[in-house]
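Architecture and fold: a report
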Amino acid sequence: MPMKTFPRPNVVLSNCLELSACRYNGQLVHDDFVKKLSQHANYIPVCPEVAIGLGVPRFPIRMVSQGKDVRLIQPATKSDLTEKMREFSTNFLSHLNDVDGFILKFRSPTCGLKDVRIYPKAEKSAAVGKAAGFFGGKVLEMFPGVAIEDEGRLRSLKIREHFLSKLFTHARFREVMKSGKIADLTGFHADCKFLLMAYSQKELKTLGNIAANRARQEIKGALTDYETHLHDAMATPSKRSSNINVFTHIFGYFSKQLSSKEKQFFLETVQLYREGRVPFTSALGLLKGWAIRFQDEYLMRQAFFNPFPVDLVEWTDAGRPIEL
Ligand code: SF4
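An account of the accompanying structure is given in this report. Computed from a predicted structure; not experimentally measured. (Residues numbered from 1 in each chain as written. Predicted model: local features only at pLDDT ≥ 70, side-chain atom pairs only at ≥ 80, totals over all residues. Heavy atoms only, no water.)

Taken together, 14 residues sit near the ligand, with Cys-16, Cys-47, Glu-49, Arg-58 and Cys-111 positioned nearest. Of the residues that constitute the shell around the ligand, the class distribution is six nonpolar, four polar and four charged. (Near = heavy atom within 4 Å. Nonpolar A, V, L, I, M, F, W, Y, C, P; charged D, E, K, R; others polar.)

Right, here's the structure in full:
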């Protein structure tokens with residue numbers, strides 16, 4: 001299979017992840033995935049707490065519930081940082097262009113995307129709820145379609161693979177948006193057909209109609225429509241049953257050329273995958289091998305085989321059993 005080239009996605013990154021010792025306690029968080037991805041992506045670092053004038057080190061801050069509202073409080077100084085943080089977040093995010101994804105620090109009252117503790121008062125107390133942090137929550141609100149994760153969830157292989165597929169597909173589609181050419185849109189759609197089929201059959205059909213410009217609309221409108229449905233298609237990870245459906249479709253391209261033993265072996269491998277006893281890559285590897293052997297150019301270009309750079313493919317889940 002020819003080496004694929006990928007555009008470099010633009011990723012907004014919590015600055016304390018691998019880049020700067022800007023945490024409240026003056027520490028840096030090491031993260032192997034962030035380090036590795038830096039070879040293939042452009043990072044846009046941000047530390048909202050430093051940006052609103054809190055120094056390093058600084059007294060910790062927490063989310064505190066006040067009636068129906070949640071405030072961002074620094075208990076040691078009794079400062080209410082809510083408005084400052086809201087203003088910074090809206091201002092920073094509304095000035096971003098060409099963003100494909102976000103990797104944020106998990107459980108931070110500022111950068112966290114979910115499960116950040118809310119306390120009933122500034123003083124020591126037990127948490128009464130959980131929510132997104134102030135900056136993280138604004139990211140979710142203003143960038144609903146891009147790849148957004150926190151470094152905690154990215155330790156899961158399945159979540160990481162979904163994040164990377166979405167991130168690199170988004171970066172690739174951004175190039176199509178820039179070119180504004182219908183030929184680039186149809187090319188993109190053709191190359192992503194099986195990847196999109198794995199994500200959503202329904203959206204694949206809609207996207208196919210848009211790429212074929214059946215509604216005969218201006219290219220700008222078609223691209224905007226396509227982007228909306230692409231986001232919808234990739235909103236959640238692909239399911240095992242959908243991956244099997246794609247395996248079966250691709251298998252159909254070769255079934256006449258394969259021996260009965262090869263066919264048998266493929267069907268057994270798919271069955272083992274269905275039962276969760278072998279990884280997704282077992283059946284994928286067989287199909288990839290046949291695409292190369294039978295020199296099927298169309299299949300060899302499919303993003304389903306290489307949704308992101310090959311050296312980002314990993315086989316382990318940090319600290320967890322591997323998810324097949
Ligand atoms: S979690 Fe966010 S606000 Fe906190 S140190 Fe990291 S980048 Fe800064």
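If you walk through the whole model with that rule in mind, you get two cavities of 30 Å³ or more. Here the largest cavity is characterised by a volume of approximately 40 Å³. What lines the largest cavity is Gly-145, Lys-166, Thr-169, His-170, Leu-230, His-231 and Met-234. For the lining of the largest cavity, the element with the most residues is helix α5 (residues 157–179), which contributes three residues. Looking at the lining of the largest cavity residue by residue, the classes come out as two nonpolar, four polar and one charged. Here the second largest cavity is characterised by a volume of approximately 30 Å³. Along its surface, the second largest cavity is lined by Leu-157, Arg-160, Glu-161, Leu-164, Phe-308, Leu-312, Val-313 and Glu-314. Its residues assigned to classes, the lining of the second largest cavity comprises five nonpolar, no polar and three charged. (1 Å grid on protein atoms, 1.4 Å probe; cavity = no way out; pocket = protein on both sides within 12 Å on 5 of 7 lines; lining within 4 Å. Points joined across faces, edges and corners; volume = space filled by probe spheres on them. Helix = DSSP H or I, 4+ residues; strand = E, 2+ residues; numbered from the N terminus.)

Attention shifts here to the sheet that holds strand β9 (residues 147–150). Strands sit in the order β2-β1-β6-β9 across an open sheet of four strands; the sheet is parallel. Because the sheet does not close on itself, it has two edges, and the strands there are β2 (42–46) and β9. Sheet twist, expressed as the average angle between the axes of neighbouring strands with direction ignored, equals 20°. Seen against the sheet, α5 touches β1 (10–14), β6 (101–104) and β9 and runs at an angle of roughly 150° to β9. (Pairing = 2+ DSSP bridges. Axes fitted to C-alpha atoms, helices over the stretch in contact; angles between N-to-C directions. Contact = heavy atoms within 4.5 Å.)

Taken together, five strands build an open sheet; the order of strands is β5-β4-β3-β7-β8 and the sheet is mixed. A strand with exactly one partner marks an edge of an open sheet, and here the two such strands are β5 (79–80) and β8 (129–131). Relative to β8, strand β7 (residues 116–119) runs antiparallel, the two sharing three bridges. Each residue of the ladder has a partner; that of Arg-117, found in β8, is Lys-130. Each of β4 (69–74) and β5 is contacted by helix α3 (residues 82–94), which is oriented at about 105° to β4, the strand it contacts most.

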